[in-house]
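Each chain is listed here by its residues.
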Amino acid sequence: MPIYWGDLHNHCGISYGYGSLANALEAARGQLDFCAVTGHAMWPDMPPRQPGFEFVVDFHERGFAKLAAHWEEVLSQVNAANREGEFVTFQSYEMHSRTYGDHHILSLSPDLPLVYADSPAALLAALGGRPAIAIPHHVAYVPDYRGIIWERFDGATSPLVEVYSKHGCGMSDQAPYPYLHTMGPRDGRTTVRRGLALGHRFGYTASTDHHAGYPGSYGDGRVAVLAEAKTRQALWQALLERRTYAVTGDKIACRFEVNGFPLGSELGATRREVMLDIRACDALDRITLYKNNVPWRIIEGPSLAPRPAETYKVRLEMGWGWAPSGYLWEGDLRLSDGELVGVETCFRGRSVLAPSEETAEDEAINALENRLLAPSRDHLAWRCTSFQNYTTLHPATAALILEIRGDARTTLQATLNGVRAEVSLGELLEAARGVHLKPYNAEAFLLHRAVPEWAYTFHGEWVDEAPQQEVDVYDAEVRQVNGQYAWLSPIFVEK
Ligand SMILES: [Zn+2]
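Residues numbered from 1 in each chain as written. Predicted model: local features only at pLDDT ≥ 70, side-chain atom pairs only at ≥ 80, totals over all residues. Heavy atoms only, no water.

A. Examining the overall build of the chain more closely. Each helix and strand counted, the chain has eight helices and 31 strands in total. A globule of 495 residues ought to have a C-alpha radius of gyration of about 23 Å, and the chain, at 22 Å, matches this closely. Along the first, second and third principal axes, the C-alpha atoms of the chain reach 65 × 60 × 40 Å. Within the chain, buried positions represent 59% of all 495 residues. Relative to all contacts within the chain whose residues are 6 or more apart in sequence, the contacts with residues 24 or more apart total 71%. (Helix = DSSP H or I, 4+ residues; strand = E, 2+ residues; numbered from the N terminus. Rg over C-alpha atoms; globule rule 2.2 N^0.38 Å. Buried < 20%, exposed > 50% of the residue type's maximum accessible area, 1.4 Å probe, protein only. Contact = heavy atoms within 4.5 Å.)

Next comes the structure, spelled out in structure tokens:
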């Protein structure tokens, strides 16, 4: 089954985010196979208006009213963007809740009605039989502070849980990417691993929760789905069956099976043949297979044995500089004595996570020109936008990941905004190469160190004949050297 990439939870100006729905759909089409664009719709137990909270209460109420006033337009624009086999869209909106934690409602139905209810379950029940699920997100916030309440979780209506987004990672209270938003810290009672420990069954997703109309924005969360076809029906079926996994940004291709059953499955067996196959986007750093929330097998990337490589991955990253509202790159790359066999885009939109009193309404905030032009076997051209890094620890760069078939003699000739660099794959295997556009205070681009195939691929098979519990839960985490992750949905195996 092919892997398709999407973003099922992100916002724009249809409610209290920024940027137009049309730009959001355009951005999604640029680097994803499917998406939903989520309207903020309701907060049944919103704290009352009180001094100091006026702005927060007001922007929520205005956003909910805006969505309601334009719901029919949103439905038709999202439906019009759906092209079976090319790019798939789903209808969606969001319920905030202190009692249940926040959820986004996702539906297969093209005419999802906007209904109001006090709980995700009551909302689904009021949809007149239309197929829909409720996905909890940013689950690891403090209980009553819009983190999940696992005691009220129901895997029948919520087959999937969002484990990563712009908010950070909710896998555990020791996971990378801690929560740093004003909504507060991560709490061990509401993490994903806590939910598994309580016996709940669900699969993993990630989505950006972007608030300025840039679904799929690199580094903020994307979901992978193993589906029969790129159609609404096939993708929906895969979501229901939890054939999903979460990534931070890089499209790390993973297969994870027990006795031939894909991730998300439930099966019964005392002898378990576990298979994990990975084709990553950067050198693998660590792969951890978990059994019942405890590391069961750990594979250290640096200990993988070098083998002859046919292909290499080279990341070309663009940015730095002084342009908070964007810098346009025009790039051109030629290869000699080698072949370009794949290109992956790591494009970002301007980052907004929640409205602020400073951010003005701007329909065009992320009307960006981010696209590949005419890729061929030895040539690639593109236009993309980078931003000044938000802090020295928070990148806002753009990048391409090139997969190249060649050897040490293969030469890359890159010309970006008129500045040329020529470097061989042999040189890039030794060291990365940075190039500035001007003598001082300028944007720069970086040809990262080349990664040979053996360092970004892995295949492992194990047999486990030691059941520990009535239901043993297997899941996996993949970490690359560049800090990008994949979290693979659990497989539930009964004795
Ligand atoms: Zn949201």
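From this point on, the discussion continues.
B. Fine view of the coordination of the zinc ion. At 2.1 to 2.5 Å from the zinc ion lie its protein donor atoms, namely His9 (NE2), His11 (NE2), Glu94 (OE) and Asp209 (OD). With four donor atoms in place around the zinc ion and angles of 82 to 160 degrees between them, the coordination shape is irregular. (Donors = N, O, S within 2.8 Å, 3.2 Å for Na, K, Ca; no water. Tetrahedral: all angles 85-135°; square planar, octahedral: opposite > 155°, others 65-115°.)

C. Examining the pattern of salt bridges more closely. Summed over all chains, the structure comprises 31 salt bridges. Asp285 is the partner of Arg479 in a salt bridge, and the nearest nitrogen-oxygen pair spans 2.9 Å. Taken together, the residues Arg479 in strand β30 (residues 471–480) and Asp285 in strand β16 (residues 284–291) connect sequence positions 194 residues apart. You can call Arg479 partly exposed: its relative accessible area is 23%. For Arg409, the salt bridge is made with Asp407, and the minimal N-O distance between the two is 2.6 Å. A relative accessible area of 26% means that Asp407 is categorised as partly exposed. (Salt bridge = Lys/Arg side-chain N within 4 Å of Asp/Glu carboxyl O.)

D. Structural detail: the domain arrangement of the chain. For the chain, the domain assignment lists domain 1 (3–249) and domain 2 (311–452). Just the C-alpha atoms count here: the centres of domain 1 and domain 2 sit 29 Å apart. Counting residues at the interface gives 23 residues for domain 1 and 26 residues for domain 2. In total, domain 1 and domain 2 occlude about 2,100 Å² of area from one another, counting both sides; carbon and sulfur atoms represent 56% of this. Of all residues in domain 1, Tyr18, Tyr214 and Tyr218 give up the largest surface area on contact with domain 2, accounting jointly for 35% of the area buried on that side. Along the contact surface separating domain 1 from domain 2 lie zero salt bridges. The interface formed by domain 1 and domain 2 holds 13 residue pairs in polar contact (both at pLDDT 80 or more) in total. The set of elements that each furnish at least two residues to the side of domain 1 that touches domain 2 consists of α1 (21–31) and α2 (54–69). Looking at the side of domain 1 that touches domain 2, its residues break down into seven nonpolar, twelve polar and four charged. (Domains from an automatic or database assignment. Buried area = accessible area lost by both parts, 1.4 Å probe. Polar contact = N/O pair within 3.5 Å; in protein donor to acceptor, adjacent residues only side chain to side chain. Nonpolar A, V, L, I, M, F, W, Y, C, P; charged D, E, K, R; others polar.)

E. Summary view of the nonpolar core. Counting residues in hydrophobic clusters, the biggest one holds 72 residues, and the most contacted among them are Tyr93, Leu123, Leu127, Tyr245, Phe256, Ile278 and Leu488. Each of domain 1 (3–249) and domain 2 (311–452) accounts for three or more of the residues forming this core. In contact with Leu488, not counting residues within four places along its chain, are Tyr204, Tyr245, Cys254, Phe256, Leu263, Leu276, Asp475 and Ala476. Grouped together as the second largest cluster of nonpolar side chains are 31 residues, Tyr214, Tyr312, Val314 and Val419 included. (Core = buried A, V, L, I, M, F, W, Y, C linked by side-chain atoms within 4.5 Å.)

F. Seen up close, unusual backbone geometry. In this model, Asp209 sits at a positive phi of 55 degrees, which is unusual for a non-glycine residue. The class for Asp209 is buried, based on a relative accessible area of 3%. Phi at Asp337 is positive, roughly 55 degrees, even though this residue is not glycine. Among the secondary structure elements, Asp337 is positioned in the loop between β19 (327–336) and β20 (339–346).

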